[in-house]
Each structure stands twice: as C-alpha cells, then as structure tokens.
Amino acid sequence: IQLKRVELMLTESFDLLYQQHFAEIYWLCYKMTYNKQDAEELADETFVKAYFNLAKFDSQKGSFRTWIFAIAVNLCRDFLKSADFKKRQQTDPIDEQYVDKLPYPVDKTIDDPELLKIVEHCMNKLLIDEKMAVTMYHLHGLVLQEIAQILGKNSPNSAKKRIKVAENKLKICLEQHGFSGDDF
C-alpha cells in the first residue's frame, strides 16, 4: 500500500510539472518544426521520456525546466535530421491554446503570412544548434548557462557564440529578402 501511495504522489507531482511546462515545450517544438502536429507529438514524447527517466533527474545539475528542455531539444534535433521532416516542410499556424498558457509574453505580431514564410525560411537555414540556441534565448528567455547545459556544451560562451552566429545569419537572410535589421 505504501508503494501505491508513493506512485500516486509521483504521478500527481508529474502532472503538475506537465501543466507548468507543456506550453513552453510545445512552443519550442513548434518553433523548430513549424508544424502543429509534429510539435504536439514531440512535446508529448518529451514528457513521456521525462516521466520514465525521472530517476535520472538531478536537481544538483540544474532545474527541472532545464532538464525537460534538454530532452525536448534532443528529440527535436533527431526529428529535424529525420527523413520524415526533410520530405515534408510545411508550415502550420501556431496553436493559440498553448501560446496563451506560456509563462511569459509572446510577440505574435507577424500577421503577414508572406513575411512569416520568409522568417521561417531564414530560421530553417540555420544549423540545428543555432536555431535551438537563438529560439531558447529570444523566445524562451533562457540564460546562456541554461542554453549551454541544454545543448550539452561546457561554457556559456559557446551558447553566446551560437546565438550571435544565428542572429547574423538571420539578419543577412532577411536583408536578402528586402528587410533591414531594424524591421525586427
């Protein structure tokens, strides 16, 4: 009976963590794939993997948020390298039900579908780790130390370098499409 009580407490605690972090993980996955179904599947898979590996979580190494982001980043990284992703580069509008649950404000001002396609095109030209780093930094507000840890790098400087390289590539790409850096 004691074991069942512990399992119930663990499940209830995990449900709370799921509710606290799902929207944020979905948003990250969406920004990597630009596809609602893929984002939802990757976010779900992230939490399933976290649940079954909860014993591996070490709060001495970082927060649960950092750990769950690392799981999501690794799943997204694998998915972005997959044949399934490469053969189907379609864009879906973001699912507002998740954006509204994010713990921070999100700029949803790109209403022009053509501009959105250009931004997504430029984002998709980045290397996977550059795309992840710039997304976690600008959209999720993670600090360099967290980003470095999530990406499996030793130093915040490596995360900073990836972000700067990504920003420069995005600026060049957007300028090639007629937008100045001041437009963003």
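Above this text is the structure in question.
Presented here is an overview of the structure given in this document. (Residues numbered from 1 in each chain as written. Predicted model: local features only at pLDDT ≥ 70, side-chain atom pairs only at ≥ 80, totals over all residues. Heavy atoms only, no water.)

Structural notes on the overall build of the chain
When helices and strands are counted, the chain shows nine helices and zero strands. Sequence-ordered secondary structure for the chain, helices as α and strands as β, is α-α-α-α-α-α-α-α-α. Counting across all 184 residues of the chain, residues that qualify as buried make up 41%. The contacts in the chain between residues at least 6 apart in sequence include a share of 69% that link residues at least 24 apart. Counting every atom, the chain has about 10900 Å² of accessible surface; 54% of that belongs to carbon and sulfur. (Helix = DSSP H or I, 4+ residues; strand = E, 2+ residues; numbered from the N terminus. Buried < 20%, exposed > 50% of the residue type's maximum accessible area, 1.4 Å probe, protein only. Contact = heavy atoms within 4.5 Å. Areas by Shrake-Rupley, 256 points an atom, 1.4 Å probe, with all protein chains shown as cover.)

Considering the side chain of lysine 131
Along the chain, lysine 131 falls in helix α7 (residues 128–138). Although buried, lysine 131 forms no salt bridge, and the nearest oppositely charged side chain, glutamate 120, lies 8.9 Å from it. A polar contact is formed between the side chain of lysine 131 and the backbone oxygen of methionine 32, at a distance of 2.7 Å. Excluding residues that lie within four positions of it along the chain, lysine 131 makes contacts with Lys31, Met32, Tyr34, Met123, Asn124 and Leu126. (Lys, Arg positive; Asp, Glu negative; His and termini not counted. Salt bridge = Lys/Arg side-chain N within 4 Å of Asp/Glu carboxyl O. Polar contact = N/O pair within 3.5 Å; in protein donor to acceptor, adjacent residues only side chain to side chain.)

Quick word on the packing of α7 against helix α9 (residues 156–176)
Close contact between α7 and α9 brings their axes to 8 Å; oriented N to C, the two are set at 95°. Accordingly, the angle class assigned to the pair α7 and α9 is roughly perpendicular. Contacts between α7 and α9 involve Asp129, Glu130, Ala133, Val134, Tyr137 and His138 from the first element and Arg162, Ile163, Val165, Ala166, Glu167 and Lys169 from the second. In the contact of α7 with α9, the residues fall into six nonpolar, one polar and five charged. (Axes fitted to C-alpha atoms, helices over the stretch in contact; angles between N-to-C directions. Parallel < 35°, antiparallel > 145°, perpendicular 65-115°, else oblique. Nonpolar A, V, L, I, M, F, W, Y, C, P; charged D, E, K, R; others polar.)

As for the pattern of salt bridges
Two side chains bearing opposite charge may form a pair once their charged atoms approach each other closely. Within this structure, the stated rule accounts for five salt bridges. Measuring nitrogen to oxygen at the nearest pair gives 2.9 Å for the salt bridge that ties glutamate 130 to lysine 169. Placement of the pair is glutamate 130 in helix α7 and lysine 169 in helix α9, with a sequence separation of 39 residues. We classify lysine 169 as partly exposed; its relative accessible area is 34%. Across the pair lysine 164 and glutamate 167 runs a salt bridge whose closest N-O atoms are separated by 3.4 Å.

Looking at helix α3 (residues 64–81)
End to end, α3 covers 26 Å across 18 residues, agreeing with the expected 26 Å (1.5 Å per residue, within 8%). The element α3 is extensively covered by neighbouring structure, given that 14 of its 18 residues are classed as buried. (Expected span 1.5 Å × (residues − 1).)

Details of the nonpolar core
Ile25, Phe69, Met132, Met136 and Ile147 are the most contacted members of the largest nonpolar core, which totals 49 residues. Every element with two or more residues in this core is listed here: α1 (2–33), α2 (36–52), α3, α6 (113–124), α7, α8 (144–150) and α9. Residues within four places of phenylalanine 69 in sequence aside, it is in contact with Glu24, Ile25, Leu28, Met136, His140, Leu142 and Ile150. (Core = buried A, V, L, I, M, F, W, Y, C linked by side-chain atoms within 4.5 Å.)

Honestly, that's just the spatial picture; any functional story needs more than this.
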